[in-house]
Amino acid sequence: MTTLLIEIVFFKNFISNYLPLSYFTGGLVSLLGIMYYAIERLQSEDTTPIQKDLTVWFLMGNLIFWIGYLPVYIILNNYTYFHEDVINSLIVLKKIFIIVQNIIFIFGFIVSGRVRKS
């Protein structure tokens, strides 16, 4: 039902244009999974500092990316009647989200350090 609602609201022709719907659905599921993991992580009794956990850095980078990128993706794929300057600005914004995500990944590798198994 939810997929049908998303298809009706955002994507007009699912039969010939199924990639945007599956991409949007995958991003939404990823976003919900990241939020679920974050809630579980905050409620757990784990003593590992959050800044030392590489998984948290990956999830934070993906969370920031998907929150910002999904609206841009919907606008770029469905609303083509915008002025060319708006479209170009959204493409630059999309690239900025990708760069920020990768910077968070790199920072996470640097801050988390090496994991030692005992």
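Just above, that's the structure.
1. Things to note about the overall build of the chain
On a plain count of helices and strands, the chain comes out with four helices and zero strands. Reading the chain from its N end, one meets helices and strands in the order α-α-α-α. Here the chain holds 118 residues, and the buried ones make up 25% of them. Long-range contacts, defined as pairs at least 24 residues apart, comprise 63% of the intrachain contacts of the chain with a sequence gap of at least 6.

2. Brief notes about the layout of surface pockets
The gaps left among the atoms become clear once a water-sized probe is rolled over them. Here the largest pocket defines a volume of roughly 160 Å³. Every residue lining the largest pocket is listed: Ile-34, Tyr-37, Ala-38, Arg-41, Leu-42, Ile-50, Val-56, Leu-59, Met-60 and Leu-63. Elements with a minimum of two residues in the lining of the largest pocket: helix H2 (19-43) and helix H3 (54-78). The biggest single contributor to the lining of the largest pocket is H2, with five residues.

3. Some points on the side chain of Asp-53
Position of Asp-53 among the secondary structure elements: in the loop between H2 and H3. Here Asp-53 falls in the buried class, since its relative accessible area comes to 15%. A polar side-chain atom of Asp-53 sits 2.6 Å from a polar atom in the side chain of Arg-41.

4. Considerations on the environment of Ile-98
With respect to the element layout, Ile-98 can be found in helix H4 (residues 84-112). Along the primary structure Ile-98 and Trp-66 are separated by 32 residues, whereas in three dimensions their C-alpha atoms are 9.7 Å apart.

5. Overview of the packing of aromatic side chains
For any pair of aromatic rings, the description consists of the separation of the ring centres together with the inter-plane angle of the planes. Summed over the entire model, instances satisfying the criterion amount to ten aromatic pairs. Taking the centre distance of 4.8 Å and the plane angle of 65° together, the rings of Phe-58 and Phe-105 count as edge-to-face. Pair noted here: Phe-58 is in helix H3 and Phe-105 is in helix H4, with a separation of 47 residues, a long-range link. For the ring pair Tyr-69 and Tyr-73, a centre distance of 5.8 Å and an interplane angle of 40° mean the geometry is tilted. Here Tyr-69 and its partner Tyr-73 are both found in helix H3, four residues apart, which amounts to about one turn of the helix. Under the relative-accessibility criterion, Tyr-69 is labelled buried at 7%. A residue is classified by how much of its surface remains accessible, and Tyr-73, at 12% relative accessible area, is buried.

About the criteria used
- Residues numbered from 1 in each chain as written.
- Predicted model: local features only at pLDDT ≥ 70, side-chain atom pairs only at ≥ 80, totals over all residues.
- Heavy atoms only, no water.
- Helix = DSSP H or I, 4+ residues; strand = E, 2+ residues; numbered from the N terminus.
- Buried < 20%, exposed > 50% of the residue type's maximum accessible area, 1.4 Å probe, protein only.
- Contact = heavy atoms within 4.5 Å.
- 1 Å grid on protein atoms, 1.4 Å probe; cavity = no way out; pocket = protein on both sides within 12 Å on 5 of 7 lines; lining within 4 Å.
- Points joined across faces, edges and corners; volume = space filled by probe spheres on them.
- Polar contact = N/O pair within 3.5 Å; in protein donor to acceptor, adjacent residues only side chain to side chain.
- Phe/Tyr/Trp six-rings, centres within 6.5 Å; stacked < 30°, edge-to-face > 60°.

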